[in-house]
Amino acid sequence: MVSVPPSVDLRRCQVIGLAGTAVLAAGGETAGALPVRELLAPASARAALGLVGVYFGVVLLIAAWALLGRLVRGPEPPTPRALLLVLGLWSAPLLLAPPLFSRDVYSYLAQGAMVEAQMDVYTHGPAQLGGPLAAEVAPLWQHTGAPYGPVFLGVAAALSALTRGELPAGLVGMRLVALAGLALMAAALPRLARASGADPAAALWLGALNPLVLLHLVAGAHNDAVMLGLLGIGLVAALGRWPALGAALVTLAALVKAPAVLGLAAVVVLQVRAGRHPVRAVLTTAGAAVATTVAATAAAGTGYGWTATLDTPVSPENWALTSLLGRATGGLLEQAGSDLAHLAVPAWRTLGIVAAVVAVLVIWLRLRPHPVYALGLSLAAVAALGPAVRPWYALWGLFLIAAAAPSASVRHRTAGVTAVLALVALPGGGPVDAEQLVLAVSGGVLAVLVLWQAYQARLSPTRGRTA
């Protein structure tokens, strides 16, 4: 006699995921990246309960996503339209929640106000702006220039003018901007998947319904959503009969965040694969990129100073692989009495950049016939080997790997990494301490226990049945 496991259905996935994001959003009201005047002491009961609630919700969301993945791989997978409805349902509770897992959105608003005030946002940090918006920016970034391109800063400046610098309206506006980027991502994924011979439903599951997308692009309102959305539709255009438009859209993505510039290589390869002469493909792409850069920079009025501030996200305690190795090497050199200890971190970061360049070249040499997948792996290498790492950086490569993964095993491994990364950031966006770690683990364990009890309750009516 064996027990027959209960079947998975779409409605159950919807309910579990919605419960997860609803509890997550509720917990964020006391434990999120709140405005300074609303911040609670981490040791307060309300903040502690909020942190437990956030991680309870995150684990529920991951479970719902995993169950949905089983459904997508099953004999009757949901349609892409049904998956988009799930995405909207799961996202809904996060729309009016406070910022979660990062305070970057406050930097966006302050930088937009600086551009509107005609300050040089690449030379001065938000401290130069002063006032309530600047007060919300994390101390580490108060005196550093913006690393973002003129397209995003132009959007941020327009939002600043529209909301008149009011913080609540600005936060809602920036989240709507991120949602627009997510909508473009969701529109591009099925098309890229079909062109790459992959399953559109699986691409949406991994690339749009991913917990990292909901936690960091929706709840965190990161501008990576805009970068990836423009990159995705640019590649879709290049797959069609509009290579110049594709190059222009990819360039706009790079003028939000620089890593998207690698997408221009994919635009060239796609043109060559379609029969265009390589020289003509390169000239078409380069011409569209240059014209778009000049036009977008002139429209934003920010100048080209962003090229000198691309290392802004590098903090002394960054947990990038090269930073960790650099700090470990520096510690060993200090113990040995060497005066070269201070060079360890810069040396490792340089090695990481060199390794990323080599990895990108190898990827393109081996996978040139599969440009979307090659681009995804290239962006993943840049994120992993670069001098700064944040959980949402994993989405750079994941988005395109989801669209063009050559096998289910690749998607499964990518999904496993995603589930781990979804758990590594605190909802307030600050560093982890022992007490907060215990609370976060408690919330996650509580969610696992609830899910297990629910599973057992569903399993009990089927006990005694034979397989």
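Residues numbered from 1 in each chain as written. Predicted model: local features only at pLDDT ≥ 70, side-chain atom pairs only at ≥ 80, totals over all residues. Heavy atoms only, no water.

### Observations regarding the overall build of the chain
Part 1 of the reasoning: Check the secondary structure of the chain and you find 19 helices and 0 strands.
Part 2 of the reasoning: For 467 residues, the compact-globule estimate of 2.2 N^0.38 gives 23 Å, and the C-alpha radius of gyration of the chain, at 23 Å, lies within 12% of that figure.
Part 3 of the reasoning: With respect to the principal axes defined by its C-alpha atoms, the chain has extents near 70 × 60 × 55 Å.
Part 4 of the reasoning: Sorting the 467 residues of the chain into buried and exposed places 52% on the buried side.
Part 5 of the reasoning: In the structure as shown, the chain presents an accessible area of about 20,400 Å², 68% of it carried by carbon and sulfur atoms. (Helix = DSSP H or I, 4+ residues; strand = E, 2+ residues; numbered from the N terminus. Rg over C-alpha atoms; globule rule 2.2 N^0.38 Å. Buried < 20%, exposed > 50% of the residue type's maximum accessible area, 1.4 Å probe, protein only. Areas by Shrake-Rupley, 256 points an atom, 1.4 Å probe, with all protein chains shown as cover.)

### Let's talk about helix α10 (residues 224-239)
Part 1 of the reasoning: Under the 1.5 Å per step criterion, the end-to-end length of α10 is 22 Å for 16 residues, consistent within 8% with the ideal 22 Å.
Part 2 of the reasoning: In terms of burial, α10 is largely enclosed, as 13 of its 16 residues are buried. (Expected span 1.5 Å × (residues − 1).)

### Concerning helix α16 (residues 371-385)
Part 1 of the reasoning: End to end, α16 covers 21 Å across 15 residues, agreeing with the expected 21 Å (1.5 Å per residue, within 8%).
Part 2 of the reasoning: Within α16, burial applies to Pro-371, Val-372, Tyr-373, Ala-374, Leu-375, Gly-376, Ser-378, Leu-379, Ala-381 and Ala-383.
Part 3 of the reasoning: Buried residues in α16 make contact with α7 (167-196), α10, α12 (263-273), α15 (344-367), α17 (394-404) and α18 (408-421). (Contact = heavy atoms within 4.5 Å.)

### Concerning the pattern of salt bridges
Part 1 of the reasoning: Counting across every chain of the model gives 4 salt bridges.
Part 2 of the reasoning: One salt bridge in this structure joins Glu-38 and Arg-37, with 4.0 Å as the shortest N-O distance.
Part 3 of the reasoning: Overall, Glu-38 belongs to the partly exposed group, its relative accessible area being 40%.
Part 4 of the reasoning: When the shortest N-O distance is used, the salt bridge between Glu-136 and Arg-103 registers 3.2 Å. Of this pair, Glu-136 sits in the loop between α5 (131-135) and α6 (150-163) while Arg-103 sits in the loop between α3 (80-91) and α4 (104-116), and the two are 33 residues apart along the sequence.
Part 5 of the reasoning: Given the relative accessible area of 6%, Glu-136 is considered buried. (Salt bridge = Lys/Arg side-chain N within 4 Å of Asp/Glu carboxyl O.)

### Things to note about the environment of Ala-394
Part 1 of the reasoning: Tracing the sequence through the fold places Ala-394 in helix α17.
Part 2 of the reasoning: As for Ala-394 and Pro-93, which are separated by 301 residues in sequence, their C-alpha atoms are 24 Å apart.
Part 3 of the reasoning: With residues near it in sequence (within four places) discarded, Ala-394 still touches Leu-212 and Leu-421.

### Overview of the environment of Gln-118
Part 1 of the reasoning: Take Gln-118: it is sitting in the loop between α4 and α5.
Part 2 of the reasoning: The exposed category is assigned to Gln-118, whose relative accessible area is 74%.

### Section: the side chain of Ser-91
Part 1 of the reasoning: Relative to the helices and strands, Ser-91 resides in helix α3.
Part 2 of the reasoning: Since its relative accessible area comes to 5%, Ser-91 is described here as buried.
Part 3 of the reasoning: At 2.7 Å, the side chain of Ser-91 and the backbone oxygen of Leu-87 are in polar contact.
Part 4 of the reasoning: Ser-91 has contacts with Leu-214 and Val-218, leaving out every residue within four places of it along the chain. (Polar contact = N/O pair within 3.5 Å; in protein donor to acceptor, adjacent residues only side chain to side chain.)

### Concerning unusual backbone geometry
Only a minority of non-glycine residues have a phi that is not negative, and only a minority of peptide bonds are not trans.
Part 1 of the reasoning: For Gln-118, which is not a glycine, the phi torsion comes out positive at approximately 65 degrees.
Part 2 of the reasoning: Backbone geometry places Ala-221, a non-glycine residue, at a positive phi of 55 degrees.
Part 3 of the reasoning: Mapped onto the elements of the fold, Ala-221 is located in the loop between α9 (211-218) and α10.

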